[in-house]
Amino acid sequence: MTAPAATAADLSAVSAESYAQILQFYAHHMQLLDGGDAEGWADGFTEDGVFAQNVKPEPWSGRSFIATSMRRGIDRLAARDVQRRHWFSMVVATPGTPGAGDEEAVRTTYYAVVFETPRGGKASVYLSTTGADLLVRRDGQWLIKHRDIFHDGV
């Protein structure tokens, strides 16, 4: 199963400023993860945020649970002496419906490739995915309200 593709009717644009901010948010967000900062990465979610993957039976719900779960994964990689790098691209951003307390809401779809490099080894593609996020802006900051990741080949 893959993320739903945007149709021509869905492609009403967000402002160029919002789009640039979202790309900057994604770059910072994934660099935190790749740098081993699970807690900082989880801070990119709302308190009640959801992180779901088609390869996991249940989504991770709540910023605290997301941080704890991701910390376990990062620690497992460190024990194996492996570095991962996440690459987001082909980001499509369309207006969403803001909830209470949100200044703005945007739906995004994107491709993500994860590279894995063992110490002393060569980089290889670990996996490719599509993603679909609901982002909200609160107090001028973008946060992930809901993230769905769809691993290719599943």
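Right, let's walk through the structure included here.

About the thresholds
Residues numbered from 1 in each chain as written. Predicted model: local features only at pLDDT ≥ 70, side-chain atom pairs only at ≥ 80, totals over all residues. Heavy atoms only, no water. Helix = DSSP H or I, 4+ residues; strand = E, 2+ residues; numbered from the N terminus. Rg over C-alpha atoms; globule rule 2.2 N^0.38 Å. Buried < 20%, exposed > 50% of the residue type's maximum accessible area, 1.4 Å probe, protein only. Contact = heavy atoms within 4.5 Å. Areas by Shrake-Rupley, 256 points an atom, 1.4 Å probe, with all protein chains shown as cover. Lys, Arg positive; Asp, Glu negative; His and termini not counted. Charge placed at Lys NZ, Arg CZ, Asp CG, Glu CD. 1 Å grid on protein atoms, 1.4 Å probe; cavity = no way out; pocket = protein on both sides within 12 Å on 5 of 7 lines; lining within 4 Å. Points joined across faces, edges and corners; volume = space filled by probe spheres on them. Nonpolar A, V, L, I, M, F, W, Y, C, P; charged D, E, K, R; others polar. Phe/Tyr/Trp six-rings, centres within 6.5 Å; stacked < 30°, edge-to-face > 60°. Expected span 1.5 Å × (residues − 1). Pairing = 2+ DSSP bridges. Axes fitted to C-alpha atoms, helices over the stretch in contact; angles between N-to-C directions.

## So, the overall build of the protein chain
Then step 1. Helices and strands together make up the secondary structure of the protein chain, namely 3 helices and 6 strands.
Then step 2. The C-alpha radius of gyration computed for the protein chain amounts to 16 Å, which stays within 12% of the reference 15 Å derived for 154 residues, consistent with globular compactness.
Then step 3. On the principal axes, the C-alpha backbone points of the protein chain span a range of 45 × 30 × 30 Å.
Then step 4. Within the protein chain, the proportion of its 154 residues that are buried is 42%.
Then step 5. Counting contacts in the protein chain only where the partners sit at least 6 residues apart, residues at least 24 apart contribute 57% of the total.
Then step 6. For the protein chain, the computed accessible surface area is about 8600 Å², with 56% contributed by carbon and sulfur atoms.
Then step 7. Counting 15 positive and 19 negative side-chain charges, the protein chain places the centres of these two groups 7 Å from one another.

## Section: the layout of surface pockets
Then step 1. A volume near 870 Å³ is recorded for the largest pocket.
Then step 2. As for the largest pocket, its lining consists of 36 residues, of which Leu33, Met70, Leu77, Arg84 and His86 are closest to the centre.
Then step 3. Counting only elements with at least two residues in the lining of the largest pocket, the list comes to α1 (16-34), β1 (45-53), α3 (63-80), β3 (82-95), β4 (104-118), β5 (124-138) and β6 (141-151).
Then step 4. A per-element tally of the lining of the largest pocket places α3 first, with 9 residues.
Then step 5. Within the lining of the largest pocket, the residues separate by chemical class into 18 nonpolar, 9 polar and 9 charged.

## With respect to the packing of aromatic side chains
Then step 1. Scanning the entire structure with this criterion turns up 8 aromatic pairs.
Then step 2. A ring pair is formed by Phe25 and Tyr26, whose centres lie 5.7 Å apart and whose planes are at 45°; its orientation type is tilted. No difference in accessibility class separates Phe25 from Tyr26, as the two residues are buried.
Then step 3. Each residue in the set Phe25, Tyr26, Phe88 and Tyr110 is aromatic and connected to the rest through ring pairs, giving one cluster.

## Some points on α1
Then step 1. Helix length check: α1 (19 residues) gives 27 Å between terminal C-alpha atoms against 27 Å at 1.5 Å per residue, within 8%.
Then step 2. Positive backbone phi, approximately 90°, marks Gly36, located one or two places after α1.

## What about the sheet that holds β3?
Then step 1. The strand order across the open sheet formed by 6 strands is β2-β1-β6-β5-β4-β3, and the pairing between neighbours is mixed. The sheet is open, and its two borders are formed by β2 (60-61) and β3, each paired with just one other strand.
Then step 2. Direction of pairing for β5 relative to β6: antiparallel, over a ladder of 10 bridges. What sits directly across from Gly131, in β6, is Ile149.
Then step 3. Here α1 sits on the sheet in contact with β1, β3, β4, β5 and β6, set at roughly 160° to β3.

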